[in-house]
Each structure stands twice: as C-alpha cells, then as structure tokens.
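Take a look at the letters that make up each chain.
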Amino acid sequence: DNTAEAEVDFTNEYELRKGGLQIVKSVTVNGAATTKTLVDGDYTFTVTKKGTTEVVGTVTITIKDGKSNKDTLEGLLPGTYVVHENETANGISLVGENDKEVVITEGNYATVKTVAFTNNKDVGKLKIKKNVTVNGEATTGTLADGTYTFIIKNKATGKEVEGKSPVTITIKDGKSTEAVVEDLDPDTYIVSEDTAKNPNGTKLTTANNIEVVVAGGATAEVKTA
C-alpha cells in the first residue's frame, strides 16, 4: 500500500538526417562534345562547409574518351557546402565559375543535390601543302614522285611534337597534295622538310623551317608550299 517515489531520467537524442551531393563532370574540345582523349584524366574536387576551411570530403572523377562521368559524396549533415574543382592540366580550363554552393536541408535529407562542372580544351590544326616541279615547271610525270617527310617542333622548347611529328606526304604522278595535323595546342611551331629523306634528285626550292602560329579552333596553313 506504500507509494515509492523515484526519479528516473530519460534522454532522447535527435539526430539530423544526412544527405549527399553529386558532382557531374563534362568535358569539351573547342567548345563541343568529344570522344577524343585530349581531356581525359582525373579531375579532383574538394568539398568544404561554407564559411570554413573544414574539408568534409574529396571526390575524384575520371574522364575516359571524353565521356561525362559523375560521383556522389554521401553522409552530409544539413547545411551549405562549397564544391571546388582543383587545378587541372595545362590547356584545360574551367567553363564558368568555380566554388559552387550546394544547400542540403533536413527536409530534403534523402535528396542528392547535383552540381555540374564543364572543362574545355582549345586545340587547332596545321595544314602542310606539298608541290613538286620538274625543271621548274608543273608536271604530271613521276620523276619527283615519292614520300616527303616534315618535322614539327614547338618553337619555345625546340622539341619535336610527340605523336604529331614526323608527317609524311606522298606525291604520285606529280600531283600536289597536303596533310593536316590535328589537335595541336595553341602555340607557335616550326615546320621543316626533312630534305635528307627526299626522293633522289629533288631539292627544296622554297624556304625551310617555316614558323606557324596555331590558334584554338582554327586551321593554320604553312604559307610556303
């Protein structure tokens, strides 16, 4: 019949429900979608809480054959976050602004917020034309037929452009022809005919070691054919 009094404590802890953010990565060449490998590689992103230097996560997205890719960072508490794309390779620039803000609210804890980044690389082309003559006159004969070799070097470094040089042009029945070298970084190049490899009896009658400026999205032509 006695009533005993006891003090019992109960504590409830409220846990904020977490969300996530998704980073979508796209790349272009000369501003257009590409299937080339020119902009392939790893792109890294750092995610921080807004107004702080606290890094809450890093994301690495790999691009292959120019195809867009994405990745998700989970387990983020409600709040505002800043997504920063880290420095990329030379010649690949970010289109638009960096440091994009993402707001994750508790009411949308199950929603993955998406931020998109696009990077672009500008490249140009180089056209080499080859003419042959016999005794200084145009010909349809085969006396000057054969393969002619050209070396392309970066003017600043003096080094041959890897994967783009040498270039060969084949003459048949004296007919002039040309070659186009694609996907060159905007820069100044020196184009030289390797006369030591010319068909017997042929010599270069125009200037050699021609300086050519290649601009992004354009085709530069070696002025001397």
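Predicted model only: the values in this text are computed from it and were never measured. (Residues numbered from 1 in each chain as written. Predicted model: local features only at pLDDT ≥ 70, side-chain atom pairs only at ≥ 80, totals over all residues. Heavy atoms only, no water.)

1. A word on the packing of aromatic side chains
Applied cut-off: Only centres within 6.5 Å qualify two rings of Phe, Tyr or Trp (six-membered ring in Trp) as a pair; their planes then separate them into stacked at under 30 degrees, edge-to-face at over 60, and tilted for everything else. A run of H or I in DSSP counts as a helix once it spans at least four residues, and a run of E counts as a strand once it spans at least two, with each numbered from the N terminus. Each residue gets one of three labels from its accessible area relative to the maximum for its type: buried under 20%, exposed over 50%, partly exposed in between, using a 1.4 Å probe on protein chains only. Definition used: whenever NZ (Lys) or CZ (Arg) falls within 6 Å of the ring centre and also within 35 degrees of the ring normal, the charge is taken to sit over that ring.
Taken as a whole and judged by the stated rule, the model has one aromatic pair. On the basis of an interplanar angle of 50 degrees and a centroid distance of 5.1 Å, the ring pair of Phe45 and Phe117 is categorised as tilted. Of the two residues, Phe45 is situated in strand β3 (residues 41-49) and Phe117 in strand β9 (residues 112-121); the sequence distance between them amounts to 72 residues. Each member of the pair, Phe45 as well as Phe117, is classed as buried. Over the ring of Phe117 we find Lys100, and its NZ or CZ is 4.5 Å from the ring centre.

2. Section: the sheet that holds strand β14 (residues 167-171)
Operational definition: The pairing criterion is simple: DSSP has to find at least two bridges between the two strands. Every axis corresponds to a line fitted to the C-alpha atoms, with the helix fit spanning only the stretch in contact, and the corresponding angles, defined between N-to-C directions, vary from 0 to 180 degrees.
Pairing in this open sheet of four strands is antiparallel, and the strands run β14-β13-β16-β17 from one edge to the other. Edge positions in the sheet fall to β14 and β17 (210-214), since each of these pairs with one other strand and no more. Across this sheet, the average inter-strand angle for adjacent strands is 30 degrees, counted without regard to direction. Looking at chain direction, strand β13 (residues 146-154) and β14 are connected through five bridges and run antiparallel. What sits directly across from Gly146, in β14, is Ile171.

3. Observations regarding unusual backbone geometry
A cis amide bond links Ser165 with the next residue in sequence, Pro166, at an omega value of 5 degrees. Examined against the element boundaries, Pro166 turns out to sit in the loop between β13 and β14. Even without a glycine there, the phi angle at Asn30 is positive, about 55 degrees. You can see Asn30 is positioned in the loop between β1 (19-29) and β2 (32-33). Since its relative accessible area comes to 34%, Asn30 is described here as partly exposed.

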